[in-house]
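# Chains, contacts and geometry: an overview
What follows is each chain in one-letter form.
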Amino acid sequence: MPATPAWPPQSTPRLFIDQPLAPGTVRIDGPAAHYLLSVMRIRVGDPVKLFDDRTGEWLGIAAMTGKRDLTLDVTELLRPREPVPDLWLCAAPLKKNRVDWMAEKACELGVARLTPVVTRRTVVDKPNTERLRAHMIEAAEQCARTALPELVEPVKLPALLRDWPQERTLFFADETGGTPAAAAFAAHPGPAAILIGPEGGFDADERDAIRALPQAVGIGLGPRILRADTAAAAAVALWMGVSGDWA
């Protein structure tokens, strides 16, 4: 006897809805409707997975389709909103394509918060946070995440250090040398953040200011010189493997 196919199928498209979801109907229009209707070819009766960053992931069934919009019947909760490891990524904004990539990977890897940090050598001091959020939403739709990272407004490094919470360890990628990252993460469990500098690195005064913070721990990321976006992804992945939800 053939096995019953999984429902909804693994190929079911996923969509973020910025409103609390519950059983009932939801109307989709704009770019999301174009994606479902023209790219995914959704027809009446087809499933769509919806998540709202509040309650979790829901099953929607296409009830009515038009040229530019469609209506979904929200029928059941598939998964509650996932618990998120308590890790922040604080990173200097990079040039457009690189910072977009970093935001995507931060979401895929599971960070709870992304904070752009403006330093003296930062190339871009006013990143487009709306675009970064759009990239993180797209990443969450693709990687099956049900909780979006919090994206906060850019902050200058001195203000970040001045207001740093006492209970949170700040691991900063120190290009002059530091404790191997995995060992540092294992030695300092609990709420954490990873601080990544700009393409040119922190200057000497900034590095001294970071080291003066009692919660700061300098970490090394191996023998090779990494691009800032690569360093961010590598450090987050290591933390997830040691202290996060990969452990």
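Overview of the structure. Each chain carries its own residue numbering, running from 1 in the written order of its sequence. Only residues with pLDDT of 70 or above have their local features reported here, since the model is predicted, and side-chain atom pairs are shown and tallied only from 80 upward, although totals for entire chains, interfaces and linings are computed over all residues. Only hydrogens and water are removed before side-chain values are computed, so all heavy atoms of the structure are retained for them.

One finds L87, L89, F171, I194, I196, V236 and W239 to be the most contacted residues of the largest nonpolar core, which totals 38 residues. Secondary structure elements with two or more residues in this core: β6 (87-91), α2 (96-109), α3 (129-143), β10 (169-173), α5 (181-187), β12 (192-196), β13 (216-220) and α7 (228-242). Sorting elements by how many residues they give to this core places α7 first, with 8 residues. Any two residues whose heavy atoms approach within 4.5 Å are treated as being in contact. In contact with V236, not counting residues within four places along its chain, are L87, L89, L109, V111 and I194. The criterion is simple. A nonpolar core is a set of buried Ala, Val, Leu, Ile, Met, Phe, Trp, Tyr and Cys residues joined through side-chain atoms within 4.5 Å. Classification of residues uses two cut-offs on accessible area relative to the type maximum, computed with a 1.4 Å probe and protein chains only: under 20% is buried, over 50% is exposed, and between them is partly exposed. Numbering goes from the N terminus for both helices and strands, where a helix is a DSSP run of H or I of at least four residues and a strand is a run of E of at least two.

Let us look at the side chain of K49. Mapping K49 onto the fold places it in strand β3 (residues 47-51). Neither His nor the chain ends is counted toward charge; the positive residues are Lys and Arg and the negative residues Asp and Glu. What counts as a salt bridge is simple: a side-chain nitrogen of Lys or Arg found within 4 Å of a carboxyl oxygen of Asp or Glu. Buried charge without a salt bridge: K49, with E57 as the nearest opposite-charge side chain at an N-O distance of 4.7 Å. With near-sequence residues (within four places) excluded, K49 lies in contact with P8, P9, T12, P13, R14, L15, E57, W58 and L78.

This part takes up the packing of α2 against α3. Running from N to C, α2 and α3 cross one another at 40 degrees; their axes reach a closest spacing of 8 Å. Judged on the interaxial angle alone, α3 and α2 are oblique. Note on packing geometry: the crossing formed by α2 with α3 is right-handed. Contacts between α2 and α3 involve K96, V99, D100, A103, E104, C107 and E108 on the former and, on the latter, R131, L132, H135, M136, A139, A140 and C143. For this classification, Asp, Glu, Lys and Arg are treated as charged, while Ala, Val, Leu, Ile, Met, Phe, Trp, Tyr, Cys and Pro are nonpolar and the rest, including Gly, are polar. Here the contact of α2 with α3 is built from residues that sort into 8 nonpolar, 1 polar and 5 charged. Convention adopted: a line fitted to C-alpha atoms gives each axis, helices being fitted over their contacting stretch, and angles between N-to-C directions are expressed from 0 to 180 degrees. Note on terminology: angles under 35 degrees are roughly parallel, angles over 145 are roughly antiparallel, angles of 65 to 115 are roughly perpendicular, and the others are oblique. Helix crossings get a hand from a simple test, with the near helix turned counterclockwise from the far one by less than a right angle marking a left-handed crossing and a clockwise turn marking a right-handed one.

Once that is clear, we can look at the pairing of strand β7 (residues 113-118). A large share of β7 lies buried, amounting to 5 of its 6 residues. Sheet topology places β6 next to β7; 4 bridges connect them, and they run parallel. Pairing of W88 across the sheet is with R113, part of β7. Whether a crossover is right-handed depends on one test, that the path from the first strand over the helix to the second runs clockwise when the strands point away from the viewer. Handedness of the crossover joining β6 and β7 through α2: right-handed. The handedness of the β7 to strand β8 (residues 150-151) crossover, carried by α3, is right-handed. A pair of strands is treated as paired once DSSP finds two or more bridges between them. The pairing of β7 with strand β9 (residues 155-156) spans 2 bridges and is parallel. Following the sheet pairing, V117 is matched in β9 by V155.

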